[in-house]
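What follows is the residue order along each chain.
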Amino acid sequence: MELTALNMTEIEGLKERPVIIPLGSIEEHGPHLPLGTDILTAIALTKEVAKETDALLAPPIYYGVCRSTKEHPGTIGISPRALRLLIKDVVKSFVLQGFSRFLLFSGHAGSLHMAALKEAGEELIETQKIKKMAICSILDLIDEEMGLVTQNDSHAGELETSLIAYLYPQMVKGSAKEEYPQFPPFMIVKNKRNFWPGGVWGNPQVASKEKGGHFFRSLVRKLVKIVDSVKD
Ligand SMILES: [Zn+2]
């Protein structure tokens, strides 16, 4: 059930339902995937999860915190502070309305982005009448069962290229070569693009639409389980 389609009368009585908030980023995903890859994937997954459960699907938060890709063409990000404030305000408003069970699911898994969400989550659980809250990213859900052949796949590689090929085939423009960032260990660097020219972290060459369908179903199953534990 999508929140945006409900009216004032219908929303009454749904307050025990878990609320899913999809998050993502507007960020380069190599030369072959759309800037909206993370949020488009999160929206597709959470729509399916909302169909298979009684969860309420909140409108997506398109912008996220992007550190390593911020100089690549097309990345439009926000600060960790802005994300913390935004998610805290949105969740507090749901709590004011009587909702108390939440899943924040992010298609973008940047470390600062996830840290901002978890920091906000910690404050919310301390200060608000929240019964259950789960926060996870798409990369948190990768396991053996999914059968990725790439060891270190995290951005515009096997997983994301397969998912976009399955969900939005017209948005995949060719492919890109296998690449991994070469950031110097422990260093905070400017000119990040020098260390990661192609903006791919993984191997898009081994992606396929069929794998995308398998990854999608596996991710939906895992998210349905998380929604079930948020309801307990
Ligand atoms: Zn991504």
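So, a few notes on the structure that sits alongside this text. It should be emphasised that the depicted structure is a prediction, and the values quoted were computed from it without experimental measurement.

Looking only at helices and strands, the protein chain has 6 helices and 4 strands in total. In terms of overall dimensions, the protein chain is globule-like: its C-alpha atoms have a radius of gyration of 18 Å, near the 17 Å expected for 232 residues. Classification of the 232 residues of the protein chain by burial places 49% in the buried group. Considering only contacts within the protein chain whose residues lie at least 6 apart along the sequence, 77% involve residues at least 24 apart. Accessible surface for the protein chain amounts to roughly 11,300 Å². Of this, 55% is attributable to carbon and sulfur atoms. Side chains of the protein chain give 27 positive and 28 negative charges; the mean places of these two sets differ by 3 Å.

With that settled, consider the sheet that holds strand β4 (residues 132–137). Ordered by their spatial adjacency, 4 strands build an open sheet running β2-β1-β3-β4, and the pairing between neighbours is parallel. Since the sheet does not close on itself, it has two edges, and those belong to β2 (56–57) and β4, each with one partner. Relative to strand β3 (residues 101–106), strand β1 (residues 19–23) runs parallel, the two sharing 5 bridges. Considered in β3, the bridge of I21 is made with L104. Along the sheet face, helix α2 (residues 37–52) touches β1, β2 and β3 and points at about 160° away from the line of β1. Helix α4 (residues 111–127) contacts β1, β3 and β4 of the sheet and is inclined by roughly 175° relative to β4.

Before going further, it helps to spend a moment on the coordination of the zinc ion. Within the first shell, the zinc ion binds the protein through H29 (NE2), D38 (OD), E160 (OE) and E160 (OE), at distances of 1.9 to 2.7 Å. Each of the 4 donor atoms bound to the zinc ion contributes to angles spanning 54 to 132°, and the resulting shape is irregular. In the primary sequence, the donor residues of the zinc ion line up as H-x8-D-x121-E. Each member of the pair, H29 as well as D38, is classed as buried.

Attention shifts here to the pairing of β4. In this structure, β3 lies alongside β4, joined through 6 bridges in parallel fashion. The residue of β4 that forms the bridge with L104 is I135. With α4 bridging β3 and the parallel β4, this β-α-β connection has right-handed handedness.

On to the pattern of salt bridges. Taken as a whole, this structure holds 11 salt bridges when the rule is applied. R84 is the salt-bridge partner of E119, the closest N and O atoms lying 3.7 Å from each other. Here R84 lies in helix α3 (residues 80–96) and E119 lies in helix α4, a separation of 35 residues in the sequence. The class for R84 is partly exposed, based on a relative accessible area of 22%. Measuring nitrogen to oxygen at the nearest pair gives 2.9 Å for the salt bridge that ties K88 to E123. Placement of the pair is K88 in helix α3 and E123 in helix α4, with a sequence separation of 35 residues. Look at K88 and you get buried, because its relative accessible area is 12%. Given the relative accessible area of 34%, E123 is considered partly exposed. Overlapping salt bridges, with partners in common, bring together D143, E145, R221 and K222 in one network.

What follows deals with the environment of C66. Residue placement: C66 occurs in the loop between β2 and α3. Linking C66 and S111, residues 45 residues apart in sequence, is a C-alpha distance of 8.9 Å. In contact with C66, other than residues within four places in its own chain, are S25, I26, E27, T75 and H108.

How each quantity is defined
- Residues numbered from 1 in each chain as written.
- Predicted model: local features only at pLDDT ≥ 70, side-chain atom pairs only at ≥ 80, totals over all residues.
- Heavy atoms only, no water.
- Helix = DSSP H or I, 4+ residues; strand = E, 2+ residues; numbered from the N terminus.
- Rg over C-alpha atoms; globule rule 2.2 N^0.38 Å.
- Buried < 20%, exposed > 50% of the residue type's maximum accessible area, 1.4 Å probe, protein only.
- Contact = heavy atoms within 4.5 Å.
- Areas by Shrake-Rupley, 256 points an atom, 1.4 Å probe, with all protein chains shown as cover.
- Lys, Arg positive; Asp, Glu negative; His and termini not counted.
- Charge placed at Lys NZ, Arg CZ, Asp CG, Glu CD.
- Pairing = 2+ DSSP bridges.
- Axes fitted to C-alpha atoms, helices over the stretch in contact; angles between N-to-C directions.
- Donors = N, O, S within 2.8 Å, 3.2 Å for Na, K, Ca; no water.
- Tetrahedral: all angles 85-135°; square planar, octahedral: opposite > 155°, others 65-115°.
- Right-handed = clockwise from strand over helix to strand, strands pointing away.
- Salt bridge = Lys/Arg side-chain N within 4 Å of Asp/Glu carboxyl O.

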